[in-house]
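Summary of structural features
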Amino acid sequence: SQQGEEDPQALSIQEGENATMNCSYKTSINNLQWYRQNSGRGLVHLILIRSNEREKHSGRLRVTLDTSKKSSSLLITASRAADTASYFCATDVTSGSRLTFGEGTQLTVNP
Amino acid sequence: GAVVSQHPSWVICKSGTSVKIECRSLDFQATTMFWYRQFPKQSLMLMATSNEGSKATYEQGVEKDKFLINHASLTLSTLTVTSAHPEDSSFYICSASRGELNTIYFGEGSWLTVV
């Protein structure tokens, strides 16, 4: 069964707008990661946030983690049409790299 | 460039036949690799953990006799879908962790279509 639930399931915005995706999980985690997947392709690692971290930035990406609420958010600022993809959160309960994925958010950025 | 390679990228096979998918770590040794399955418009589901030199660990509900996993070397894990049926048609992705920080790299995935 999936550890994580993401919302929204689908998000459509205009270029230049910000996109926020949320992820909730059920058990304690070692870290949480966000991945991007273009249609029919493999996964691209975006960012990893450890359980003792609350916020992390990477370029136009900002990830927050609230372990008390067992939730995380991914913010993409100044979105571009090329950001159109599915975004998944994945949790790692141990340090063994066994990931449990959320349901994913399909982001569409309209030019 | 890719550090984890999967082959083939796509394969079509007849119902009842077996098909093998390879996952290779290109420039590092991976004692553990993971196999996921993804149906269209769905998330990735972990199928099994592939351990070099020992038996794979399967997730609940995954038939180990149908999805044979072999991790014979530190750079290669194979997934064989035996007696494939149309419902096995899916996107299969492997991953491997690298280094002390266990950075995870995913392969590009393999599309399997059973006709």
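Structural data are supplied above this passage.
Residues numbered from 1 in each chain as written. Chains lettered and ligands numbered in written order. Predicted model: local features only at pLDDT ≥ 70, side-chain atom pairs only at ≥ 80, totals over all residues. Heavy atoms only, no water.

**Re the overall build of chain B**
- The number of helices and strands found in chain B is zero helices and 11 strands.
- From first element to last, N terminus to C terminus, chain B shows the α and β order β-β-β-β-β-β-β-β-β-β-β.
- Taking 2.2 N^0.38 as the reference for a compact globule, 115 residues should give roughly 13 Å; the C-alpha atoms of chain B span a radius of gyration of 13 Å, in line with that estimate.
- Across its three principal axes, chain B shows a C-alpha extent of roughly 40 × 30 × 20 Å.
- A total of 115 residues make up chain B; the buried ones form 50% of that total.
- When contacts within chain B are restricted to residue pairs at least 6 apart in sequence, those whose partners lie at least 24 apart make up 52%.
- If you sum the accessible surface of chain B, you get close to 5900 Å²; carbon and sulfur atoms cover 51% of it.
- Side-chain charges of chain B comprise 9 positive and 10 negative groups, with the mean position of each set lying 5 Å from the other. (Helix = DSSP H or I, 4+ residues; strand = E, 2+ residues; numbered from the N terminus. Rg over C-alpha atoms; globule rule 2.2 N^0.38 Å. Buried < 20%, exposed > 50% of the residue type's maximum accessible area, 1.4 Å probe, protein only. Contact = heavy atoms within 4.5 Å. Areas by Shrake-Rupley, 256 points an atom, 1.4 Å probe, with all protein chains shown as cover. Lys, Arg positive; Asp, Glu negative; His and termini not counted. Charge placed at Lys NZ, Arg CZ, Asp CG, Glu CD.)

**Quick word on the nonpolar core**
Residue and element names in this part refer to chain B.
- Counting residues in each nonpolar core, the largest one holds 25 residues, and the members touching the most others are Val4, Trp35, Phe67, Tyr92 and Leu112.
- For this core, the secondary structure elements donating two or more residues are β2 (10–13), β3 (19–25), β4 (32–38), β5 (44–51), β7 (67–73), β8 (76–81), β9 (90–98) and β11 (110–114).
- Sequence-distant contacts of phenylalanine 67, that is, excluding residues within four places in its chain, are made with Arg37, Met47, Tyr58, Val62, Leu79, Thr80, Val81, Asp88 and Tyr92. (Core = buried A, V, L, I, M, F, W, Y, C linked by side-chain atoms within 4.5 Å.)

**Let's talk about the packing of aromatic side chains**
Residues and elements named next belong to chain B.
- A full pass over the atoms with the stated rule returns nine aromatic pairs over all chains.
- For the pair phenylalanine 28 and tyrosine 105, a centre-to-centre distance of 6.2 Å together with 50° between the ring planes defines the contact as tilted. Separated by 77 residues along the polypeptide, phenylalanine 28 in the loop between β3 and β4 and tyrosine 105 in strand β10 (residues 103–106) bring together distant segments of the chain.
- Ring geometry for tyrosine 36 against phenylalanine 106: centres 5.7 Å apart, planes inclined by 45°, an arrangement best described as tilted. Residue tyrosine 36 is located in strand β4, and its partner phenylalanine 106 is located in strand β10; the two are separated by 70 residues in the primary sequence. (Phe/Tyr/Trp six-rings, centres within 6.5 Å; stacked < 30°, edge-to-face > 60°.)

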